[in-house]
Amino acid sequence: MQQVHTPENAPAPAGCALRLFWMLLSNAIVYASLAVIAMEGAAFPSPLDGVVWVTVVLGILARRVDITRWSGTTAAGEPATLAHWRRYTATVVVVTAVASVLAHVLGE
């Protein structure tokens, strides 16, 4: 029977799932919710605003756990630090806030 060699730095399945969540799924949920807010003209605050901000918080927490527990990396493949996490957090919060305001304005 042939043995499978797994590199030592290969992420565990839980780490991969976490990365998929904060990189892809959380963004997809936020974008879809904001699109519905804009298309339906949802008043502020709406239940979808709650979905947006809960998802943002979960994505930020997932990124922190990825860095602190699963050896998260940057896009360049270097080890991510909490400085990267702080920059990510600030960017996500500001961009989401602006996009949320824009979605509500467009929906009027």
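Coordinates for the structure precede this section.
Below or above, wherever it landed, is the structure these notes cover. Owing to the predicted nature of the structure, the values given are computational and were not obtained by experimental measurement. Here the residue numbering is sequential within each chain, running from 1 through the sequence in written order. Only residues with pLDDT of 70 or above have their local features reported here, since the model is predicted, and side-chain atom pairs are shown and tallied only from 80 upward, although totals for entire chains, interfaces and linings are computed over all residues. Side-chain numbers come from the whole structure's heavy atoms, not from hydrogens or water.

1. Some points on the pattern of salt bridges
By convention in these notes, a salt bridge is any Lys or Arg side-chain nitrogen within 4 Å of a carboxyl oxygen on Asp or Glu. The tally for this structure, following the rule as stated, stands at two salt bridges. For the salt bridge of Asp-66 with Arg-19, the shortest nitrogen-to-oxygen distance reads 2.7 Å. In this pair, Asp-66 is assigned in helix H2 (residues 47-69) and Arg-19 in helix H1 (residues 13-40), connecting sequence segments 47 residues apart. Summarising the burial analysis for this pair, Asp-66 and Arg-19 share the class buried. A salt bridge links Arg-63 to Asp-66; the nearest nitrogen and oxygen atoms lie 3.2 Å apart. One end of the pair is Arg-63 and the other is Asp-66, both in helix H2 and three residues apart, which spans about a single turn. A single salt-bridge network, built from bridges that share partners, covers Arg-19, Arg-63 and Asp-66. Segments assigned H or I by DSSP are reported as helices when at least four residues long, segments assigned E as strands when at least two residues long, and all are numbered from the N terminus. Whether a residue is buried, partly exposed or exposed follows from its accessible area with a 1.4 Å probe, protein chains only, as a fraction of its type maximum: under 20%, in between, or over 50%, in that order.

2. So, unusual backbone geometry
Most peptide bonds are trans, and most residues other than glycine sit at a negative phi. Of note, the amide linkage connecting Phe-44 to Pro-45 takes the cis form, showing an omega dihedral of -10 degrees. Relative to the elements of secondary structure, Pro-45 occurs in the loop between H1 and H2.

3. Concerning the packing of H1 against helix H3 (residues 82-107)
In this description, a line fitted to the C-alpha atoms serves as the axis of each element, helices being fitted only across the stretch in contact, and the angle between N-to-C directions of two axes falls anywhere from 0 to 180 degrees. The N-to-C vectors of H1 and H3 enclose an angle of 20 degrees; their axes lie 8 Å apart at closest approach. Between H1 and H3, the crossing angle belongs to the class labelled roughly parallel. Pair H1 / H3 crosses with right-handed handedness. Listed contacts from H3 to Trp-22, Val-30, Leu-34, Ile-37 and Ala-38 of H1 are Tyr-88, Thr-96, Ala-99, Ser-100, Ala-103, His-104, Leu-106 and Gly-107. Under the grouping applied here, Gly and all other residues not named as nonpolar or charged are polar, the nonpolar ones being Ala, Val, Leu, Ile, Met, Phe, Trp, Tyr, Cys and Pro and the charged ones Asp, Glu, Lys and Arg. Of the residues assigned to the contact of H1 with H3, the class counts are nine nonpolar, four polar and no charged. Every angle not falling under 35 degrees, over 145, or within 65 to 115 is termed oblique; those three ranges are roughly parallel, roughly antiparallel and roughly perpendicular. Handedness of a helix crossing follows the sense of rotation of the near helix relative to the far helix, less than a right angle counterclockwise being left-handed and clockwise being right-handed. Between two residues, a contact is recorded if the distance between any of their heavy atoms is within 4.5 Å.

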